[in-house]
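Overview (structure and organization)
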Amino acid sequence: MAVQHPLTVLLAEDSDLDIHAIRRCWSEVASDAILEVVKDGRECIDYLLGRLPADGSSLGQRPDLLILDLSMPELDGFQVLARIRSDPDLKRLPVVVLANRPTPVDIHRGYELGASAIFAKPMGARSLTELLRIVSTYWKAATLPDRDSPVSAAGYTAV
Amino acid sequence: MASESFLVLMAEDSEHDIMAVERLWSRRQNANPLKIVCDGQACLDYLLGRGEYADPATRQMPGVLLLDINLPLVDGFNVLRQIKTTPVLQRLPVIVFTSSSRIEDKLRAYDLGANAFMTKPVGAEKLDQALQLIQSYWRLMDLPL
């Protein structure tokens with residue numbers, strides 16, 4: 001068994017309100033997972049390519065999962081996704097796209113560009129918490145591209 | 001909008017696993033509809049509406065595919081490659097769900113565009129947990145249906 005380190009997630013999101021909400025819910029459901037934040041598409045790519053530490057101090061660690069907002073300044077979510085999927089070093093990274101109100105066209109385009117999944121930002125803290133709980137459990141149970149084994153074998157049991 | 005009642009298509013050739021999944025599925029109250037195909041050719045035929053699935057009345061497009069790697073006739077990697085390079089199918093979320101834990105298999109699956117790679121757990125309880133987790137996750141996601 002390989003040495004386990006916690007699930008590392010990069011959140012690319014420009015809305016301070018949403019960052020705050022996601023951080024708060026995330027700490028409730030996945031306190032053992034690391035959540036780094038970048039605030040636009042350019043910063044996201046720079047972070048992934050190791051050119052920019054997210055908090056300005058430590059060198060950015062390659063995340064296990066990217067949660068990518070669709071509408072962001074500089075490069076939008078689709079541009080970031082296309083860039084990731086065409087980069088030999090980044091192309092396997094699981095990318096979950098979140099959107100305010102994705103249209104069927106957005107959803108189709110996202111999957112065509114290689115999104116691992118797409119979801120609408122839920123209204124309200126309870127649904128956001130539940131969503132992040134399932135997202136983190138799912139990706140801990142999956143075998144991630146850069147890991148030898150799942151982060152956690154514990155499955156989700158529906159209530 | 002997330003769609004909750006999507007069909008789960010499973011491509012699996014092990015009789016033992018098929019029986020286990022069917023048993024678990026039948027016990028669950030709110031399980032999604034499930035269709036199992038036993039080889040890679042049947043999986044592609046189902047998705048493309050060919051062969052025994054040529055009649056549209058006999059098939060519903062799945063919301064997600066759980067794909068084993070070691071399948072007869074056409075193996076899982078070839079099924080995955082065909083799905084992700086065929087315009088009408090490429091959006092379909094494919095979860096490679098396999099007993100393999102080989103690193104090469106995992107990397108190859110992600111390279112070919114798998115939406116996730118999950119090792120099929122041994123034992124009914126863990127298998128049930130994994131299937132429930134997959135279903136709960138995809139019920140919350142927006143599917144390209």
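It should be noted that the structure appears before, not after, this text.
Residues numbered from 1 in each chain as written. Chains lettered and ligands numbered in written order. Predicted model: local features only at pLDDT ≥ 70, side-chain atom pairs only at ≥ 80, totals over all residues. Heavy atoms only, no water.

This part is about the interface of chain A and chain B. Between chain A and chain B, the contact holds 34 residues from the first and 27 residues from the second. Summing both partners gives a buried area of about 2700 Å² for chain A against chain B, and 58% of it is carried by carbon and sulfur. Of all residues in chain A, Arg-92, Tyr-111 and Tyr-138 of chain A bury the most surface against chain B, accounting for 26% of the area lost on that side. Where chain A meets chain B, there are three salt bridges. Our count for the contact surface shared by chain A and chain B stands at 15 residue pairs in polar contact (both at pLDDT 80 or more). Elements supplying a minimum of two residues to the side of chain A that touches chain B: α4 (104-112), β5 (117-120) and α5 (125-141) of chain A. Per-class residue counts for the side of chain A that touches chain B are 22 nonpolar, six polar and six charged. (Contact = heavy atoms within 4.5 Å. Buried area = accessible area lost by both parts, 1.4 Å probe. Salt bridge = Lys/Arg side-chain N within 4 Å of Asp/Glu carboxyl O. Polar contact = N/O pair within 3.5 Å; in protein donor to acceptor, adjacent residues only side chain to side chain. Helix = DSSP H or I, 4+ residues; strand = E, 2+ residues; numbered from the N terminus. Nonpolar A, V, L, I, M, F, W, Y, C, P; charged D, E, K, R; others polar.)

It is worth spelling out the environment of Leu-113 of chain A at this point. Residues and elements named next belong to chain A. Among the structural elements, Leu-113 can be located in the loop between α4 and β5. On the basis of relative accessibility, which here comes to 25%, the residue Leu-113 falls in the partly exposed class. Each C-alpha atom of the pair Leu-113 and Arg-85 lies 7.6 Å from the other, and the pair is 28 residues apart in sequence. Every residue in contact with Leu-113, bar those within four places of it in the chain, is listed here: Phe-78, Leu-81, Ala-82 and Arg-85. (Buried < 20%, exposed > 50% of the residue type's maximum accessible area, 1.4 Å probe, protein only.)

Residues and elements named next belong to chain A. If you walk across this open sheet you meet the five strands as β2-β1-β3-β4-β5, and the pairing is parallel. In this open sheet, the two edge strands, each paired with only one partner strand, are β2 (34-38) and β5. Taking each pair of neighbouring strands and ignoring which way they run, the sheet shows an average axis angle of 20 degrees. The sheet contact formed by strand β1 (residues 8-12) and β2 spans five bridges and is parallel. From the neighbouring strand, Val-9 faces β2, where its bridge partner is Leu-35. (Pairing = 2+ DSSP bridges. Axes fitted to C-alpha atoms, helices over the stretch in contact; angles between N-to-C directions.)

Time to look at the nonpolar core. The biggest cluster of nonpolar side chains holds 106 residues, and the ones touching the most others in it are Leu-66, Tyr-138 and Trp-139 of chain A together with Leu-65, Tyr-137 and Trp-138 of chain B. Ranked by residues supplied to this core, first place goes to α5 of chain A with eight residues. In contact with Leu-65 of chain B, not counting residues within four places along its chain, are Leu-9, Met-10, Ala-11, Cys-43, Leu-47, Ile-83, Leu-92, Pro-93, Val-94 and Ile-95 of chain B. (Core = buried A, V, L, I, M, F, W, Y, C linked by side-chain atoms within 4.5 Å.)

Before going further, it helps to examine the sheet that holds strand β3 (residues 62-67) of chain B. Residue and element names in this part refer to chain B. Taken in spatial order, the five strands make up an open sheet running β2-β1-β3-β4-β5, and their pairing is parallel. Each edge of the open sheet is held by one strand with a lone partner, namely β2 (34-37) and β5 (116-119). Here the average twist between neighbouring strands, direction ignored, is 25 degrees. Alignment of strand β1 (residues 7-11) against β3, held across five bridges, turns out to be parallel. If you follow Met-10 over to β3, its bridge partner there is Leu-66. Running at roughly 175 degrees to strand β4 (residues 94-98), helix α5 (residues 124-140) makes contact with β3, β4 and β5 of the sheet.

On to the pairing of strand β3 (residues 65-69) of chain A. All names here are of chain A. In terms of burial, β3 is largely enclosed, as five of its five residues are buried. In β3, alternate side chains face the same way, and those of Leu-65, Ile-67 and Asp-69 on one face and Leu-66 and Leu-68 on the other are all buried. Pairing geometry for β1 and β3, over four bridges, is parallel. Bridge pairing in β3 places Leu-11 opposite Ile-67. Two elements, β3 and strand β4 (residues 95-99), share four bridges in a ladder whose sense is parallel.

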